[in-house]
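The lines below spell out each chain.
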Amino acid sequence: CVGCVWWFFGFYRKDKMDGESLSNLLKHTLLTLGLKIENIRGQCYDGAASMRGSYSGVAKRIKDENKLALYVHCYAHVLNLCVVDVSGKVVPIRNMFSTLNKIYTFIRASSKRYSIFERIQKESNLSNNTLKSLSDTRWSCRIEAIRSVINNFNSIVLTLEKINETDSIHGPDANSISNNIQNFEFLFCL
């Protein structure tokens, strides 16, 4: 857009994630960079109450100091939520993501199962590849979860086979997940 300037200031840690703490951090950062709050013309955040909240969110607090700082919901976040919702309506894709989640949860839920996975990875020289969890609010996390399964596919299969053979309680679950991930539909969707 003509006359617009988009800046990335950096990543900052906060102990508290409420509107007051986050707006104070934003104002402090702007001041440190020599920027004035009265020059803000737009704000764009996700839908979290601490960010967009109409009573005490960051958008409201900034708008109280600068009436020209119009708040617009982040369209990238809205698009992400739409993609997550639509992918949940396509049965094979929905099932693939459900299976991805089961892989992560099943292996990571037990230190014993995870140590089997790590040992198999080391034997395959893949010790720096780990499993990733899914996120509904960040599509990039879903892509990372897909990549982690693709990169670790053989290790995952071997881990599930080992658990199936040695664990009388969780073996059936391992076998079921193993059958699901070696199914053409799962592999195609992956």
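Cut-offs applied
- Residues numbered from 1 in each chain as written.
- Predicted model: local features only at pLDDT ≥ 70, side-chain atom pairs only at ≥ 80, totals over all residues.
- Heavy atoms only, no water.
- Helix = DSSP H or I, 4+ residues; strand = E, 2+ residues; numbered from the N terminus.
- Rg over C-alpha atoms; globule rule 2.2 N^0.38 Å.
- Buried < 20%, exposed > 50% of the residue type's maximum accessible area, 1.4 Å probe, protein only.
- Contact = heavy atoms within 4.5 Å.
- Areas by Shrake-Rupley, 256 points an atom, 1.4 Å probe, with all protein chains shown as cover.
- Patch = residues over 30% accessible without salt bridge, like charges linked within 9 Å, V, L, I, M, F, W, Y side chains within 5 Å.
- Salt bridge = Lys/Arg side-chain N within 4 Å of Asp/Glu carboxyl O.
- Pairing = 2+ DSSP bridges.
- Polar contact = N/O pair within 3.5 Å; in protein donor to acceptor, adjacent residues only side chain to side chain.
- Axes fitted to C-alpha atoms, helices over the stretch in contact; angles between N-to-C directions.
- Parallel < 35°, antiparallel > 145°, perpendicular 65-115°, else oblique.
- Left-handed = near helix turned anticlockwise from the far one by under 90°.
- Nonpolar A, V, L, I, M, F, W, Y, C, P; charged D, E, K, R; others polar.

Caption draft 1: Spatial organisation of the overall build of the protein chain. Assigned secondary structure in the protein chain consists of ten helices and two strands. The globule rule puts the C-alpha radius of gyration for 190 residues at 16 Å, and the 22 Å found for the protein chain is more than 25% above it. Seen through its principal axes, the protein chain has C-alpha atoms that stretch 65 × 35 × 30 Å. For the protein chain, buried positions account for 33% of its 190 residues. At a minimum sequence separation of 6, the contacts of the protein chain that also span at least 24 residues come to 62%. Summed over its atoms, the accessible surface of the protein chain is roughly 12,300 Å², and 55% of this surface lies on carbon and sulfur atoms.

Caption draft 2: Representation of a nonpolar patch on the surface. Taken together, the side chains of Phe 9, Tyr 12 and Leu 33 make up a nonpolar region of the molecular surface, amounting to roughly 280 Å² of accessible area. Mapped onto the secondary structure, Tyr 12 falls in the segment before helix H1 (19-32).

Caption draft 3: Representation of the pairing of strand E1 (residues 42-45). Here E1 shows a buried face lined by Gln 43 and Tyr 45 and an unburied face lined by Gly 42 and Cys 44. Pairing between E1 and strand E2 (residues 70-73): four bridges, direction parallel. Along E2, the bridge assignment pairs Gln 43 with Tyr 71.

Caption draft 4: Representation of the side chain of Thr 159 in the model. In this structure, Thr 159 sits in helix H8 (residues 153-166). Look at Thr 159 and you get buried, because its relative accessible area is 0%. Polar contacts involving the side chain of Thr 159 include one to the main-chain carbonyl oxygen of Ser 155, which spans 2.6 Å. Sequence-distant contacts of Thr 159, that is, excluding residues within four places in its chain, are made with Ile 107, Arg 113, Ile 116, Phe 117 and Ile 120.

Caption draft 5: Region of the structure containing the packing of H1 against helix H3 (residues 58-65). Between H1 and H3, the least distance of the axes is 8 Å, while the angle of their chain directions is 55 degrees. Taken together, the axis directions place H1 and H3 in an arrangement best described as oblique. Considering the relative orientation of H1 and H3, their crossing is right-handed. Here Gly 19, Glu 20, Leu 22, Ser 23, Leu 26 and Lys 27 of H1 come into contact with H3, specifically with Val 58, Arg 61, Ile 62 and Glu 65. Along the lines of polarity and charge, the residues of the contact of H1 with H3 split into four nonpolar, two polar and four charged.

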